[in-house]
Amino acid sequence: MDLPYYLNLGIEKELENIKLGKLSRTRSQLTDKYRSPREKDIEFMSTPEDRIAYICSRLPSIFSVIKEIIFNLQKIALDIKLETLLDLGSGPGTVMYAVTDILNLENITLVEKDRYLIEIGKRLAANADIDSVKKAEWINCDIN
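Residues numbered from 1 in each chain as written. Predicted model: local features only at pLDDT ≥ 70, side-chain atom pairs only at ≥ 80, totals over all residues. Heavy atoms only, no water.

Considerations on the pattern of salt bridges
(1) Moving on: In this structure the tally under the stated criterion is five salt bridges.
(2) Moving on: Measuring nitrogen to oxygen at the nearest pair gives 2.3 Å for the salt bridge that ties Asp101 to Lys67. Taken as a pair, Asp101 in the loop between helix H4 (94-100) and strand S2 (107-112) and Lys67 in helix H3 (residues 48-76) lie far apart in primary sequence, 34 residues in all.
(3) Moving on: Residue Arg115 is joined to Glu119 by a salt bridge in which the shortest nitrogen-to-oxygen separation is 3.9 Å. With Arg115 and Glu119 both in helix H5 (residues 115-125), this residue pair falls four residues apart, about one helical turn. (Salt bridge = Lys/Arg side-chain N within 4 Å of Asp/Glu carboxyl O. Helix = DSSP H or I, 4+ residues; strand = E, 2+ residues; numbered from the N terminus.)

Put into structure tokens, the structure is as follows:
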């Protein structure tokens, strides 16, 4: 499943200052962290490289899964009209990008504890031609 053009553009811009070898090692380490049990207080992503590796490797796969779920929900919930999105633990906004690739939302609120992921999410959304994505409210907050 293809990402919207603005996401591809944004991810490419994020990649401009990272070497491919470093990105590959970081992605591999991130995957290992993702698959192994970890302490609650240990940060999953702690470096800028971790976050870039995440948007390059995890964001596209999560985007595809969420988009497929929304697409299938539309088939069975014909009378439901979604107008708002609240995403707790939004990361860089992956769910928002997937949902707005299918639905026209009025309001979007994203809550994320990692301020650097919020910054990345805002940069990724900057080139969107979807008003609700550009105007999304980002809240830096730990919900735990």
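What follows picks up the thread again.
Thoughts on the sheet that holds strand S3 (residues 137-140)
(1) Moving on: The sheet built from three strands is open, its strands ordered S1-S2-S3 with parallel pairing. Each of the sheet's edge strands pairs with one partner strand only, and the pair in question is strand S1 (84-88) and S3. Sheet twist, expressed as the average angle between the axes of neighbouring strands with direction ignored, equals 10°.
(2) Moving on: In this sheet, S2 lies alongside S1 in parallel orientation, the contact comprising five bridges. Bridge assignment links Leu86 to a residue of S2, and that residue is Thr109.
(3) Moving on: Packing of H5 onto the sheet brings it into contact with S2 and S3, and relative to S3 it is tilted by some 165°. (Pairing = 2+ DSSP bridges. Axes fitted to C-alpha atoms, helices over the stretch in contact; angles between N-to-C directions. Contact = heavy atoms within 4.5 Å.)

Description of a nonpolar patch on the surface
(1) Moving on: Taken together, the side chains of Val65, Ile69, Leu73 and Ile76 define a hydrophobic patch exposed on the protein surface, amounting to about 390 Å² of accessible area.
(2) Moving on: Tracing the backbone shows Ile69 in helix H3.
(3) Moving on: Given a relative accessible area of 42%, Ile69 falls into the partly exposed group. (Patch = residues over 30% accessible without salt bridge, like charges linked within 9 Å, V, L, I, M, F, W, Y side chains within 5 Å. Areas by Shrake-Rupley, 256 points an atom, 1.4 Å probe, with all protein chains shown as cover. Buried < 20%, exposed > 50% of the residue type's maximum accessible area, 1.4 Å probe, protein only.)

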